[in-house]
Structures are given as C-alpha cells and as structure tokens.
Amino acid sequence: MTLKELKIGQSATIETVGGEGNLRQHFLDMGVLPGAEVTLMKYAPMGDPMELMVHGYELTLRLDDAAKIEIVESSVKSFEKKEKVSTKKDYQKKQEHPGLGEGGKYHVKEHENPLPDGTVLSFALAGNQNCGKTTLFNQLTGSNQHVGNFPGVTVDRKSGSIKGNPETEVTDLPGIYSLSPYTSEEIVSRQFILDEKPVGIINIVDATNIERNLYLTMQLMELDIPMVLALNMMDEVRGNGGAILINEMEEALGIPVVPIVAAKNEGVGELVDHAIHVAKYQEKPATKDFCDKEDHGGAVHRCLHGIMHLIEDHARDNKVPIRFAAAKLVEGDTMVEEALQLSANEKEMIEHIICQMEEERGLDRSAAIADMRFSFITKLCDKAVIKPAESKEHERSRHIDRILTGKYTAIPMFILIMLSVFYLTFNVIGKFLQDLLQMGIDALAGAVDSGLTSLGVNEGLHSLIIDGIFEGVGSVVSFVPIIVTLFFFLSMLEDSGYMARVAFVMDKMLRKIGLSGRSTVPMLIGFGCTVPGVMASRTLPSERDRKMTILLTPFMSCSAKLPIYGFFTAVFLGIVVALGFKHTMFKGEPVPFVMELPNYRIPGAKNVIHLLWDKAKDFLQRAFSIIFIATIIVWLLENYSFSFNLVVNADDSILAGIAGLIAPLFASMGCNDFRICTALITGFMAKESVVSTLTVLFGGMENVASAISSAAAAALLVFCLLYTPCVAAIASVKRELGIKWAAFMVAFQCVLAWAVGSLVYLIGSVF
C-alpha cells in the first residue's frame, strides 16, 4: 500500500520512496527513506496535507506526494511505544566532561602548527530551523553584530565578534536541514563554508530532537573543518527525565560536544572556549567515515572510498573536501561534479562504481547514502541518548494542536488570533502608546514654537521647523508604537511555532490560487513590513513560488498603511491577482509541502526584544533620513517659486508646477490636486511619507478631509494600499529577483492601483 492509504494512528515501515531529483533527495534527507517507521498523526482541517511522525519528529506531506511512497503496515502505534527512560544510574554513568586538551577522541595531542597570533578566527554558526540558533547567536555576539550580504548572493547575513574575543567573527548561516541543493538557503550555507573557508564551525542542534538534527552534523563533519557541537535545550531533556551521555557521543563523533541552554546562557562560555581552541589549533573531526563496513558487505564503504581514490587530485586542486565530494557525487550533486572538473572517463568510471554499490546494497544511490547516515545516528543514539517516551513539550503541543489545528476549530482560531492581533495593535496597546507619544511630540513642538517666537527667528525658518519638520516627521514618528506592537505579536506567533501550523492549515486553500502553505509566513510578515516579508520568501524551495509570493507580498497591508479596513481590500485584490498569475505567468503547481512542525515554545524574551529594537531603529533611521529630507524638500518646493522667491499662494510654487504635470492622470480618481500627487510621489520613498507630506501641504490632516470628497478619499485610500511599495521594498525585490521583476512589480501595481482607484471613485460618486 502507499502512505496515502494509511489511517490516523497507524504505523508503517517505508519500502520505497518514489519521485525524482532534488525533491526526492529532500525526502531522504528529512528521514523519509526505506526502512524508516512512520505514523500518521492527523490530517490538516481541509483534508490535505497530512502530519507524520518519523524519527521522533513531525513532518508534513501532501497526499499526492504520499501516494509515491510505498509502505508495509505495522500494527503498533509508534507514539505508544515505550523507550528506555533515564534513571539515577544513567546519570551516574556520566563522567566529567574533559577540559581543553584533555582526552577525547577529537583531541590532537601535538599542536605543531597553531594559527598565528592575531589571526581572526572566523566561525560559521550552522543548524536546523527552530533549534535556537538565533538565541545562541545573540548570546555569542551581544550587540556586536552587523548585517551584510553573503558574497555573490542576495541573502542577508548577520556577523559579529564573540563577546570578550574581538579577534573572532561568527557568521549566522540560514537555518537548514542538510547540505543538499534543495532550497536557496541550503546552497548559500554550503557555498559560504566551501568558498569563504571559515576556520571553524559551531553546529547547534536541538537536543530534544537529536536524531533529526544530527543528519546535518554528519554532513558538516565531512567538510573536514574544525567543529564543535552545541547540544541546545538540555534543560528540556533533563526536565523530561532524559539524558545525553556527552563523553560517549564525543568519542563516537570525534569532535567536542558541549551541552548548553542558549536561552539561559548556560554552557555558552564552555562552548566558546572549545570553539576557539579547535579553531586556533585546527583540530579537525576525527570521524568522517560513517559506513558500517559489516553491513551488507560494506558496499557503501567500498563505493565511497573507491570514488575518493579516483577524485583525490581533483578535490585537492579545486579545494573541495574529498569525503564530502564523494558522498555528493553518489547523490548526483551536479554542483560538486562541475566544481571537480572531472573528465568523461572519470565520470563513467564513477557511474560504474555507484551502479555496483546499488546492486550489492539493494537500494538506489541517494537512499543508500541517507540510510548510511541515519543508521550511524541510530546506533549513536542507542549508545549515548536516553529519552522518555514522550516529552512534556510534545505532549503539550499535541493538546494545543487539538484546537489550533483541529478540523473545525483551526480556521476560526486563526481568524480570531489575527483579528485580536490587529485589534490590540490598532485600537488598544498600539493606539494607547501612539497617543502617548503624540502628546509628547505635540508638547515638544509647542515648546520649540514658543522658543522660536520669543527668539524672533526668521518666519521662513520658523515655518520650516514647525510646519515642515515637526508636522511631517512628527506625524510619522508617532507610528513607531504601532509598528513595534505589530512586530511584537508577529514575532511571538513565529517564535512560538504557530506560524508553521498556519502554513499547515492554509496549504490546501492557498494551493487553489497557485501557492504553497509555506507562502503564508512571508505574507503574514508582510503585514508588519514588506521588506522582511520578501526576505522570508527565501525559505521557499521553488523559484516559481518565490517569485509569485514576492510579487504578492506588497498586497499585504504593511504597518505603514494603517487603516485596518484596508487589510480586507488588499487581501481580496491579492487573491484576484494571484489567480491571474496562476493562469498566466506562473502556470503549474506549487512545490510539495514538506515541512517540520516544531513543538510549541515560549518565545525567547531576548530574541523578541532584539527584533523590536531592530524594527524601531530601522524605522527611526528612515524617519530621520529619507522622510526628514523628503519633508524639507517638499516644504522648500511648496514655499518657493521657480525664481526662488517665497510665495504667498502655494499654487505659484515649484511644487505646484511639477506635480501639476501628472495631476491630470488622477482626475479619474477625483484627486487631481497637486498636493495629493506630491504625497503619492513621496510615498515611493516611504509609505509613511504620504501622511507627512499631506500634513505639511494641507497644514494638518484635518484639512485634508475638507479638501476632497468622500469618494475621492476612498479612491485615494485604495490607491495607497495597492500602488508600488516603498523604495526599500523595491530594492529587496530587485536583490531577490533582479531589476526586470522589480520594474514589472512597480509598473503593474501602479496601473492596477490607478484602475481600481478610478473604479472606486466612479462607484462612490454614483452612490
């Protein structure tokens, strides 16, 4: 039978995994491989996708993909099985963890060639998603971090020196599951390590989900770079009655293994000491061969070592780790094959070696390599990991999911949660803080106004400071509490694990408009700001889905488009546009929905504070740079004529002359006032500038309402919601997709906004 036919609660053993290419490789890397046991936990509320338990963690899979996987049914439910539970004796078995240079299979006794003093020790911080990598990065670097781009690509990277160690640099790599080229993030992480050649790797794993996480660890060890393993969330392991025998694991892996609790800063100091030590003395992993030489006649072992002998000179000349290269050649990795520059004869010989291995092993090449790794992990965990039948976190998550992903409760709960977020942001917490800040700005403006008057400051300069800067920039700065509050709630939802559930619940619905459930997260983040929403699309494995999601994210009503009722308009138009894209430029089906569902966790306070500070700082930098400059320019253009004389009537100003050229285009929207056209132009720089510009040009927002009709106001609102996002968002789209797609997005959204705005004005004028 196929996996699609499995009933809820039933377990089965996988016989064969169908499919092809990178997607099949992704299945194998996630542990869906012949011999693995899976249990069907539940279906999404709409009947698709399904949630499976495999290797101790939850994985989602669409029914169409499940139909390609053949299974043999088992009568035992895997989540009813009882594994060995740790006892006092197990803890007593643990020995004192060796210090630096003391024993351990990984330890290189002779340090003949340590790196010279003064060498910057560069580390790659790598790990799965949801393993606490961001928390550890913040603990390691504190505030000593900066943001840039990975060389040659557009994915942002965070780097910083370790606190107290200025001659170090840690680069936070994207969260990945393996080094196979399935998503752009996996490629970026792999190429960074291969091309930038950090002197060490800090690999963080979720100790509560260790089998899943160690798969990446083994691939990183094949790169033959000094490495330290950080076992995170050890407090949860201990709290559940489990244990990890550190010395046994260290002996088997041949690298330092350090238990930590990143959220509480426990063990981080020891981790730093070991990382600096192995990097300084270039202590590389002692274990890189994970083959069981006795299993199935050692077919995989002979295959890998035969290929390694064949490509040894190519790997050395092209600076590719030989063991890593051999495994990737077996998996059919074209990027590694091209990097090695093999001849046709060598490629043919490698193919013969692999075919012989497949015949002896009884598995295809990719499955054989994945099975080799998971077999090693299983034996390692049997030796060094003691865990309870079910963790408290997983049990708690199951109970919460009965409501949040239940058949009849999931969608109502999603709507209720999002409405609560918007209500609290725009009507309660955010609004209260905004009013408080506005009172402070008004009080400061009044004091400055009085001071300038008493000093007899020039009337023009007085007007610039009060009517220009305070009215314009002040009205924008007052939005900071709204933005911070919204990002607070969105980050809480994401860090808690709920966002992954939203993707699971919404997948089938989004598939109807040509998207995957994974597109939900970037678009929800887009409500806070389009830029991080566009960046979040990098996790999508399909180029088609990435492009479509990026082009739709600006339709989400970002925090600069404050009116909440505009949210419904924008989402409705987004769906219409998505349907149009699905049947024109982006024909085809969205990528398979393969995603891990993490346990629910309480968001880390430091992570949330870091995020809120970054967003507030970014917004204030824009307010006092782009918007500040735009406000001054607008004021100058409004108050001076082309002969650079102060004008009494704004209609005689430079601004009126320039904006008047495009004003007729907006006559169909009832907005052919040059002041409105100017505000829309400044909105290209930052959406918030629309408000500040209208405030300056009309002398206060209360005057705007009296200057245009209700129908024109509705048309203007719709236009502002739909027309091109700000310069920062356009730049992020350009970095992700190129200048042609960015230009297309700007033109398409402007034309669409004008057409819909004109229609709204027409209907509004009639009624």
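Predicted, not measured: the structure shown is a model, and the values here were computed from it.

Caption draft 1: Inspection of the nonpolar core at higher detail. Grouped together as the largest cluster of nonpolar side chains are 98 residues, with contacts concentrated most on Leu3, Leu231, Ile244 and Met249. A per-element tally of this core places helix H14 (residues 365-384) first, with eleven residues. Filtering out sequence-adjacent residues up to four positions away, leucine 231 remains in contact with Val205, Ala207, Ile210, Ile244, Ile246, Met249, Val257, Val258, Pro259 and Ile260. One finds Val634, Leu680, Leu694 and Cys720 within the second-largest nonpolar core, a separate group that totals 30 residues.

Caption draft 2: A look at the sheet that holds strand S4 (residues 57-61). Strand order in the open sheet formed by six strands is S5-S1-S2-S3-S4-S15, and the pairing between neighbours is antiparallel. Two strands lie at the open edges of the sheet, namely strand S5 (69-74) and strand S15 (595-597), each paired on one side alone. Pairs of neighbouring strands in the sheet enclose a mean axial angle of 40°, with direction left out of account. Set on the sheet, helix H19 (residues 498-511) makes contact with strand S2 (37-43), strand S3 (50-54), S4 and S15; between it and S15 the angle comes to about 125°.

Caption draft 3: Quick peek at the confidence of the model for the protein chain. Averaged over all residues, the pLDDT of the protein chain equals 80, while 81% of them reach at least 70. Here helix H3 (residues 88-93) is the element of the protein chain with the lowest mean pLDDT, 42, and strand S11 (residues 227-232) is the one with the highest, 96. Under a pLDDT of 50 for its full length, residues 101-105 has, in the predicted model, six contacts with residues more than four places off or in other chains. With pLDDT under 50 throughout, residues 561-572 is counted as low confidence; its partners more than four residues away or in other chains account for 26 contacts.

Caption draft 4: Up close: the packing of aromatic side chains. Counted according to the given criterion, the structure contains seven aromatic pairs. Their ring planes at 65° and their centres at 5.0 Å tell us that phenylalanine 290 and phenylalanine 376 sit as a pair that is edge-to-face. One end of the pair, phenylalanine 290, is in the loop between helix H9 (268-280) and helix H10 (299-317); the other, phenylalanine 376, is in helix H14, and 86 residues separate them in sequence. Residue classification places phenylalanine 290 among the buried positions, given a relative accessible area of 2%. Consider the rings of phenylalanine 744 and phenylalanine 748, whose centres lie 5.6 Å apart with planes at 20°: the pair is stacked.

Caption draft 5: How the structure looks around the environment of alanine 279. Checked against the element boundaries, alanine 279 lands in helix H9. Every residue in contact with alanine 279, bar those within four places of it in the chain, is listed here: Leu115, Leu121, Phe123, Val199 and Pro226.

Caption draft 6: Expanded view of the packing of helix H30 (residues 710-722) against helix H32 (residues 739-766). Close contact between H30 and H32 brings their axes to 8 Å; oriented N to C, the two are set at 160°. As summarised for this structure, H30 and H32 are arranged roughly antiparallel, according to the angle between their axes. Every pair of crossing elements has a handedness; the one defined by H30 and H32 is right-handed. Where H30 abuts H32, its residues Ala711, Ala712, Ala714, Ala715, Val718, Phe719 and Leu722 lie against Gln749, Cys750, Ala753, Trp754, Val756, Gly757, Val760, Tyr761, Gly764 and Ser765. Looking at side-chain class alone, the contact of H30 with H32 contains 13 nonpolar, four polar and no charged residues.

Caption draft 7: Layout of the environment of leucine 655. If you trace the backbone, leucine 655 turns up in helix H26 (residues 654-662). When its relative accessible area of 4% is taken as the criterion, leucine 655 is described as buried. Between the C-alpha atoms of leucine 655 and valine 634, which are 21 residues apart in sequence, the distance is 7.4 Å.

Caption draft 8: Inspection of the pairing of S11 at higher detail. Most of S11 is tucked away, with six of its six residues classed as buried. Neither face of S11 is left uncovered, since the one carrying Met227, Leu229 and Leu231 and the one carrying Val228, Ala230 and Asn232 both have all their residues buried. For strand S10 (residues 200-206) and S11, the ladder comprises six bridges, and the chain directions are parallel. Note that in S11 the partner of isoleucine 204 across the bridge is alanine 230. As for the winding sense of the linkage, the β-α-β connection from S10 through helix H6 (residues 210-221) to S11 is right-handed.

Caption draft 9: A look at unusual backbone geometry. Here the residue pair aspartate 48 and proline 49 is connected by a cis peptide bond, since its omega of 5° sits within 30 degrees of zero. Mapped onto the elements, proline 49 comes out in the loop between S2 and S3. The backbone of lysine 197 shows a phi angle near 50°, a positive value even though the residue is not glycine. You can see lysine 197 is positioned in the loop between helix H5 (184-196) and S10. The exposure class assigned to lysine 197 is partly exposed, which follows from its relative accessible area of 41%. A positive phi angle, near 65°, is found at asparagine 265, a position not held by glycine. Relative to the helices and strands, asparagine 265 resides in the loop between strand S13 (257-259) and H9. Given a relative accessible area of 39%, asparagine 265 falls into the partly exposed group.

Caption draft 10: Geometry of helix H27 (residues 674-682). Summarising burial for H27: seven of the nine residues are buried, a large majority. Those residues of H27 lying buried are Phe674, Ile676, Cys677, Thr678, Ala679, Leu680 and Thr682. Looking at where H27 begins, the residue whose side-chain oxygen comes 2.8 Å from the main-chain nitrogen of arginine 675 is aspartate 673.

Caption draft 11: Structural detail: H30. Its 13 residues give H30 an end-to-end C-alpha distance of 18 Å, which sits within 8% of 18 Å, the value for a rise of 1.5 Å per residue. All of the buried residues along H30 are Ala711, Ala712, Ala715, Leu716, Val718, Phe719, Cys720, Leu721 and Leu722.

Caption draft 12: Expanded view of the side chain of threonine 405. Note that threonine 405 resides in the loop between helix H15 (392-404) and helix H16 (410-455). Threonine 405 gets classed as buried once you look at its relative accessible area, which sits at 3%. Within polar-contact distance, the side chain of threonine 405 engages the backbone oxygen of aspartate 401 at 2.7 Å. With residues up to four places along the chain from it excluded, the contact list for threonine 405 reads Lys42, Pro45, Ala410, Arg501, Phe504 and Val505.

Conventions and cut-offs
- Residues numbered from 1 in each chain as written.
- Predicted model: local features only at pLDDT ≥ 70, side-chain atom pairs only at ≥ 80, totals over all residues.
- Heavy atoms only, no water.
- Core = buried A, V, L, I, M, F, W, Y, C linked by side-chain atoms within 4.5 Å.
- Buried < 20%, exposed > 50% of the residue type's maximum accessible area, 1.4 Å probe, protein only.
- Helix = DSSP H or I, 4+ residues; strand = E, 2+ residues; numbered from the N terminus.
- Contact = heavy atoms within 4.5 Å.
- Pairing = 2+ DSSP bridges.
- Axes fitted to C-alpha atoms, helices over the stretch in contact; angles between N-to-C directions.
- pLDDT = per-residue confidence, 0-100.
- Phe/Tyr/Trp six-rings, centres within 6.5 Å; stacked < 30°, edge-to-face > 60°.
- Parallel < 35°, antiparallel > 145°, perpendicular 65-115°, else oblique.
- Left-handed = near helix turned anticlockwise from the far one by under 90°.
- Nonpolar A, V, L, I, M, F, W, Y, C, P; charged D, E, K, R; others polar.
- Right-handed = clockwise from strand over helix to strand, strands pointing away.
- Polar contact = N/O pair within 3.5 Å; in protein donor to acceptor, adjacent residues only side chain to side chain.
- Expected span 1.5 Å × (residues − 1).

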